[in-house]
Amino acid sequence: MTFPDPATPSRPLEPLRPYVVRERSSRWILELPVAVVFGAGWYLFTTRVVHAPALFALVGLCFVGYGVFRAVRPAPALRAGPDGLGLDKVSVPWTSIREVVIVLPVAQSGPSPAVEVGLRLHHGAPLPDGMDSVVYDPGDPNAMQVRRTFGAGRVAPEPLAAAVRAYGRVAVVESRAGTERRIG
């Protein structure tokens, strides 16, 4: 007779979800008014000038809805998933990444300071999607080739490190004031 191990959880494990950080960009300041003006113009043109059926007018309202959707739900700025790690428009496969670096500010200015997430790539790795060039500095092998700064409270280092370990199985390094420690 076998007994369940008390260290093993009795509930089923939930599947790991990608780690995603969404950032608002300033593009919505232009996209939303353009969508509203275009949609309203299309609606007025189809109903007042051409006297088209309401179906054509709905197309204009769809443009307005798209503009509102883009303003409310911004695109991901950081995504760690099964296919790799994405920073803004740059998508890097796990096979190209040597280390993921989480750079914390020197002075903590509140409960959740702004952080920088950077990638150290393997020398000779192919260019990631969205990049034109990668420069390797032989004098500084720990330089980050791809990096992005996130506002206060936007990136939680522990969940990001857990997702990187689970999906990419690459090293995660936390850096503060030039001192680095491996957290994953």
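Residues numbered from 1 in each chain as written. Predicted model: local features only at pLDDT ≥ 70, side-chain atom pairs only at ≥ 80, totals over all residues. Heavy atoms only, no water.

(A) Quick look at the sheet that holds strand β5 (residues 97–104). Reading across the sheet, the five strands line up as β7-β6-β5-β8-β9 and stay open at both edges, with mixed pairing between neighbours. The two strands at the open ends of the sheet, each matched to only one other strand, are β7 (146–150) and β9 (179–182). Within this sheet the neighbouring strands show an average axis-to-axis angle of 20 degrees, counted without direction. As judged from the four bridges shared by strand β8 (residues 171–176) and β9, these two strands associate in the antiparallel manner. Note that in β9 the partner of E174 across the bridge is R181. (Pairing = 2+ DSSP bridges. Helix = DSSP H or I, 4+ residues; strand = E, 2+ residues; numbered from the N terminus. Axes fitted to C-alpha atoms, helices over the stretch in contact; angles between N-to-C directions.)

(B) Looking closely at the pattern of salt bridges. For the structure shown, the criterion picks out six salt bridges. Taking the shortest distance from any N to any O, the salt bridge between D88 and R148 comes out at 2.7 Å. A residue pair is termed long-range when its members are at least 10 positions apart, and D88 in the loop between β3 (84–87) and β4 (90–92) and R148 in strand β7 qualify at 60 residues. Since its relative accessible area comes to 42%, D88 is described here as partly exposed. (Salt bridge = Lys/Arg side-chain N within 4 Å of Asp/Glu carboxyl O. Buried < 20%, exposed > 50% of the residue type's maximum accessible area, 1.4 Å probe, protein only.)

(C) Spotlight on helix α3 (residues 157–167). Listed as buried for α3 are P157, L160, A161, A163, V164 and Y167. Considered in projection along α3, the buried side chains sweep an arc of 165 degrees and stay on one side of the axis. Close packing links the buried residues of α3 with β1 (19–22), β2 (76–81), β3, β5, β6 (115–121) and β8. After α3 finishes, the residue R169 shows a positive phi value of roughly 55 degrees. (Arc of directions from axis to C-beta. Contact = heavy atoms within 4.5 Å.)

(D) Representation of the nonpolar core within the structure. Ranked by size, the top nonpolar core spans 30 residues in total, and within it L78 and L85 carry the most contacts. Mapped by element, the contributors of at least two residues to this core are β1, β2, β3, β4, β5, β6, β7 and α3. No other element matches the five residues that α3 contributes to this core. Setting aside chain neighbours within four positions, we find L78 in contact with Y19, V20, V21, L85, G86, L87, V117, F150, V155 and L160. (Core = buried A, V, L, I, M, F, W, Y, C linked by side-chain atoms within 4.5 Å.)

(E) Highlighting unusual backbone geometry. For D88, which is not a glycine, the phi torsion comes out positive at approximately 55 degrees. Here the phi dihedral of R169 falls at roughly 55 degrees; this positive angle occurs in a residue that is not glycine. Position of R169 among the secondary structure elements: in the loop between α3 and β8. By relative accessible area, which is 69% here, R169 ends up exposed.

(F) Local environment of the side chain of E99. Tracing the sequence through the fold places E99 in strand β5. Excluding residues within four positions of it along the chain, E99 makes contact with G118, L119, R120, A171 and V173.

(G) Expanded view of the pairing of β1. On β1, burial follows the alternation: Y19 and V21 on one face are buried, whereas V20 and R22 on the facing-out side are not. When β1 meets β2, the two strands line up antiparallel, connected through four bridges. Bridge pairing in β2 links Y19 to A80.

(H) Structural context of the sheet that holds β3. The strand order across the open sheet built from four strands is β1-β2-β3-β4, with neighbouring strands paired in antiparallel fashion. Because the sheet does not close on itself, it has two edges, and the strands there are β1 and β4. Going across the sheet, the axis of each strand differs from the next one's by a mean of 10 degrees, ignoring polarity. Those strands touched by α3 are β1, β2 and β3, and its axis lies near 45 degrees from that of β2.

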